[in-house]
Amino acid sequence: MVGSGEEEKIRRILTDPKLSAIKAMLEKDHAIDCIFLLYMGRGKWKEAKEFMRENGLTLSDGTFRARMIEIEELGLAKSERLDPLKKKYEKTELGEKVAKLLLEFFDKLEK
């Protein structure tokens, strides 16, 4: 059984509109991939696709765009329109914070 302080933290994550929205986004397909791509400065589809292919990974154009729109709506990224169809996404301060926390999380799992 967890302590009441931890239970309250969990309750807040599950019920707070901002935190629960971030949690829901992170649960979706390729959300963490896209946060890491943003963190590395690969927020343009061509750059993201190239990185994923170089590493033997897949990411569809539609999934990339859907995640980036959600990430932007949550304030983790901002976009710049390159032409009527293309956007380039860049991390915000909150997006960088989330990426660093995810890196720290996975780093601790390896130890």
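Just above, that's the structure.
The structure presented is a predicted model; accordingly, all values stated were derived computationally and were not measured.

Novice: What's the story with the packing of helix H3 (residues 31-39) against helix H6 (residues 93-110) in this structure? I'm lost.
Specialist: Two elements in contact, H3 and H6, have axes whose closest approach is 9 Å; the angle formed by their N-to-C orientations is 115°. Taken together, the axes of H3 and H6 lie roughly perpendicular to each other. The element H3 and its partner H6 pack so that their crossing is left-handed. On the side of H3, the interface is formed by Ile 32, Ile 35, Phe 36 and Tyr 39, while H6 contributes Gly 95, Glu 96, Val 98, Ala 99, Lys 100, Leu 102, Leu 103 and Phe 106. Along the lines of polarity and charge, the residues of the contact of H3 with H6 split into 9 nonpolar, 1 polar and 2 charged.

Novice: What exactly am I supposed to notice about the packing of aromatic side chains here?
Specialist: Aromatic ring pairs: the centre-centre distance and the angle between the two ring planes describe each pair. Per the stated rule, a full pass over the model turns up 3 aromatic pairs. Pairing Phe 36 with Phe 106 gives two aromatic rings, centres 6.4 Å apart and planes at 65°, and the pair type is edge-to-face. Here Phe 106 lies in helix H6 and Phe 36 lies in helix H3, a separation of 70 residues in the sequence. Of the residues examined, Phe 106 reaches a relative accessible area of 37% and is grouped as partly exposed. Taking the centre distance of 5.3 Å and the plane angle of 45° together, the rings of Trp 45 and Phe 64 count as tilted. Here the residue Trp 45 occupies a position in helix H4 (residues 45-54), and Phe 64 occupies one in helix H5 (residues 61-73), the gap between them amounting to 19 residues. In this structure Trp 45 comes out as buried when scored by relative accessible area, which is 15%.

Novice: So what exactly am I meant to see when it comes to the pattern of salt bridges here?
Specialist: Any two side chains of opposite charge can pair, on the condition that their charged atoms come close. All chains considered together, the criterion is met by 8 salt bridges. Salt-bridge contacts for Glu 70 lead to Arg 67; the nearest nitrogen and oxygen are separated by 2.7 Å. Taken together, the residues span about one helical turn, with Glu 70 and Arg 67 both in helix H5 at a distance of 3 residues. Here Glu 70 and Arg 67 have matching classes, each one buried. Between Lys 100 and Glu 96 there is a salt bridge whose closest N-O contact spans 3.2 Å. Here Lys 100 pairs with Glu 96, and both are found in helix H6, just 4 residues apart, close to one helical turn. Lys 100 gets classed as partly exposed once you look at its relative accessible area, which sits at 43%. Judged by its relative accessible area of 27%, Glu 96 falls in the partly exposed class. Taken together, the shared-partner salt bridges in this structure form one network comprising Glu 7, Glu 8 and Arg 11.

Novice: Honestly, the nonpolar core in this entry has me stumped. Any pointers?
Specialist: One broad rule of soluble globular proteins: the nonpolar side chains tend to lie buried together. Counting residues in each nonpolar core, the largest one holds 20 residues, and the members touching the most others are Ile 35, Leu 59, Phe 64, Met 68, Ile 71 and Leu 76. Going through the elements one at a time, helix H2 (17-26), H3, H4, H5 and H6 are the ones with two or more residues in this core. Per-element accounting of this core gives the leading share, 5 residues, to H3. When near neighbours in sequence (up to four residues on either side) are disregarded, Leu 59 contacts His 30, Cys 34, Leu 37, Trp 45, Met 52 and Phe 64.

Rules used throughout
Residues numbered from 1 in each chain as written. Predicted model: local features only at pLDDT ≥ 70, side-chain atom pairs only at ≥ 80, totals over all residues. Heavy atoms only, no water. Axes fitted to C-alpha atoms, helices over the stretch in contact; angles between N-to-C directions. Helix = DSSP H or I, 4+ residues; strand = E, 2+ residues; numbered from the N terminus. Parallel < 35°, antiparallel > 145°, perpendicular 65-115°, else oblique. Left-handed = near helix turned anticlockwise from the far one by under 90°. Contact = heavy atoms within 4.5 Å. Nonpolar A, V, L, I, M, F, W, Y, C, P; charged D, E, K, R; others polar. Phe/Tyr/Trp six-rings, centres within 6.5 Å; stacked < 30°, edge-to-face > 60°. Buried < 20%, exposed > 50% of the residue type's maximum accessible area, 1.4 Å probe, protein only. Salt bridge = Lys/Arg side-chain N within 4 Å of Asp/Glu carboxyl O. Core = buried A, V, L, I, M, F, W, Y, C linked by side-chain atoms within 4.5 Å.

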